[in-house]
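The lines below spell out each chain.
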Amino acid sequence: MPMLRRLLLHCLAALAGLLPVLACAQAYPTAPVHLVVAFPPGGGTDGAARLIAEKLAPELGQSIVVDNRAGAGGTIGAQSVARARPDGQTLFFGTGAELLINPVTRKTAPYDLLKDFIPITEVGTVSFVLAVPAGSPVRDVRELIATAKAQPGKLNYSSFGIGSTNHLIGELFLKATGTRAAHVPFQGSQQAMTSLLAGDVDFTFDTTAVVLPQIKAGKLRALATPSPSRLPGLPDVPTLQELGYGRLVAEGWMGVFAPAGTPPAVVVALGTALDKVIRTPDMESRLAARGVAVTAADGPQFRAKLQAELDKWRRVAREADVSLD
């Protein structure tokens, strides 16, 4: 009997500890949820966030307010969520640019991706394309590498800015191919693309959403993609991995995060709702139109991926001596 009594008391204690969590899940959300985006309205990240917010609101029974907090390469928006009350009422629609690239290119980052945030769901991945102006004499990757080696440092490539995702992809390319080229940073994708189209820069790595329309219009030529596999919209364009550059596998991602300390039941509720929203043909189609391939990876899967990504880009930033400090 004493043993049975101890077992009963143990079960009651465990249930008592679970009750607040269950109560929290049942009450959540208690007010409109703020989904912070670290970039201005109208961009690719903002557009994807608004699609998710529109469908997520009915699932949670509350409106979702997309809150654009742009500035400092995404740091302002990300930091605001890292410091927010961990109750699930403030979430972050984040990308690798502000959550991963910014921290690894700074000696003193204002937040830690895996300590200050809880990855809830990876919404999808964003592919990049290595492209040159249509008037360029370079017809393929082999010719680009040969030209760069014949004229070290003469070629240049554009990016969204120092420490941006495509800046580091460019540096990864130069390192893997043993070439040199000058980096020309801009304030965003639009300016970088304008410069490429004008022929002021020789090549770039930009997202399919930006590059594909220009390729179809005959203004750009796609040479390759650093994606793990060929892209549906560019089936004849090889991957850099196919061409013998196994290290050159890189893509962007988008996901939903909560501040560290958010109750587990709230995290589970959000993950379940997001999974239901994202895994629909309509959502997959609408995100694909924005260059996002749906993955809907759950929290643990997403976290494991982020750890590997952090290790990879820390190494690239260190080897290329890229620093924002």
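In the block above lies the structure referred to throughout.
Sequence positions are assigned chain by chain, starting from 1 and proceeding in written order. Reporting of local features is limited, given that this is a predicted model, to residues whose pLDDT is at least 70; pairs of side-chain atoms are given and counted only at 80 or more, and all residues count toward the totals for whole chains, interfaces and linings. The side-chain values count all of the structure's non-hydrogen atoms but skip hydrogen atoms and water molecules.

In a regular helix each residue adds 1.5 Å, so 15 residues correspond to 21 Å; helix α10 (residues 264–278) covers 21 Å between its end C-alpha atoms and thus fits that length. A simple rule labels every residue: compare its accessible area, found with a 1.4 Å probe on the protein chains alone, to the largest value its type can have, and call it buried under 20%, exposed over 50%, or partly exposed in between. Counting from the N terminus, the helices are DSSP H or I runs at least four residues long and the strands are E runs at least two residues long. If you check which residues of α10 are buried, you get Ala265, Val266, Val267, Leu270, Gly271, Ala273, Leu274, Val277 and Ile278. A helix is expected to reach a length of 1.5 Å times the quantity of its residues less one.

What follows is about the sheet that holds strand β1 (residues 33–37). Pairing between strands is defined by DSSP: at least two bridges between them are needed. With mixed pairing, six strands are arranged side by side in an open sheet as β2-β1-β3-β10-β4-β11. Each edge of the open sheet is held by one strand with a lone partner, namely β2 (64–68) and β11 (292–298). Direction aside, neighbouring strands of the sheet carry axes that sit 25° apart on average. Judged from the five bridges that link them, β1 and β2 form a sheet pairing that is parallel. Across the sheet, His34 pairs through a bridge with Val65, a residue of β2. Contacts are residue-level and defined by heavy atoms, with any inter-residue pair within 4.5 Å sufficient. For helices, the fitted line uses only the C-alpha atoms of the stretch in contact; every axis is such a line through C-alpha atoms, and the angle between N-to-C directions lies from 0 to 180 degrees. Helix α3 (residues 75–82) rests against β1, β3 (90–95), β4 (117–126) and β10 (252–259) of the sheet, and its axis sits at about 145° to β3.

Attention now goes to the nonpolar core. Nonpolar cores are built from buried Ala, Val, Leu, Ile, Met, Phe, Trp, Tyr and Cys residues. Side-chain atoms within 4.5 Å join them into one set. By size, the foremost hydrophobic cluster in this structure holds 45 residues, and its most contacted members are Phe92, Leu99, Phe173, Phe203, Phe257 and Trp313. A per-element tally of this core places helix α12 (residues 299–320) first, with six residues. When near neighbours in sequence (up to four residues on either side) are disregarded, Leu99 contacts Ala78, Phe92, Gly94, Tyr111, Leu113, Phe117, Trp253 and Phe257. If you look at the next biggest cluster of nonpolar residues, it comprises 33 residues, including Ala57, Ile64, Met254 and Val256.

A cis amide bond, omega -10°, links Tyr28 with the succeeding residue Pro29. Structurally, Pro29 is set in the loop between α1 (2–27) and β1. The backbone phi angle of Ala296 is positive, close to 50°, even though this residue is not glycine. Considering the arrangement of structural elements, one finds Ala296 in strand β11.

Let us look at the packing of helix α8 (residues 189–197) against helix α9 (residues 208–216). The geometry of α8 relative to α9 is characterised by a closest axis approach of 11 Å and an angle of 30° between their N-to-C directions. Viewed along their axes, α8 and α9 adopt a mutual orientation that is roughly parallel. With respect to the hand of their crossing, α8 and α9 are arranged in right-handed fashion. Within the contact between the two elements, α8 uses Ser189, Met193 and Leu197 and α9 uses Val210, Val211 and Gln214. Polarity classes work like this: nonpolar for Ala, Val, Leu, Ile, Met, Phe, Trp, Tyr, Cys and Pro, charged for Asp, Glu, Lys and Arg, and polar for all others, with Gly in that last group. Grouping the constituent residues of the contact of α8 with α9 by class yields four nonpolar, two polar and no charged. Orientation labels follow simple angle bins: below 35 degrees gives roughly parallel, above 145 gives roughly antiparallel, 65 to 115 gives roughly perpendicular, and whatever is left gives oblique. Two helices that cross are described as forming a left-handed crossing if the nearer one is turned anticlockwise from the farther one by less than a right angle, and a right-handed crossing if clockwise.

In this section: the sheet that holds strand β9 (residues 220–224). Across the sheet, five strands lie side by side as β7-β6-β8-β5-β9; this open sheet has mixed pairing. The strands lining the two open edges of the sheet, one partner per strand, are β7 (182–185) and β9. On average, each strand axis in the sheet is inclined to that of its neighbour by 35°, with strand direction left out of account. Of the strand pairs in this sheet, strand β6 (residues 156–159) and β7 are connected by four bridges, and their pairing is parallel. From the neighbouring strand, Ser159 faces β7, where its bridge partner is Pro185. Sitting on the sheet, helix α6 (residues 141–150) touches β5 (128–133), β8 (203–207) and β9, and the angle it makes with β9 is about 90°. Contacting β5, β8 and β9, α9 crosses the sheet at an angle of about 115° to β8.

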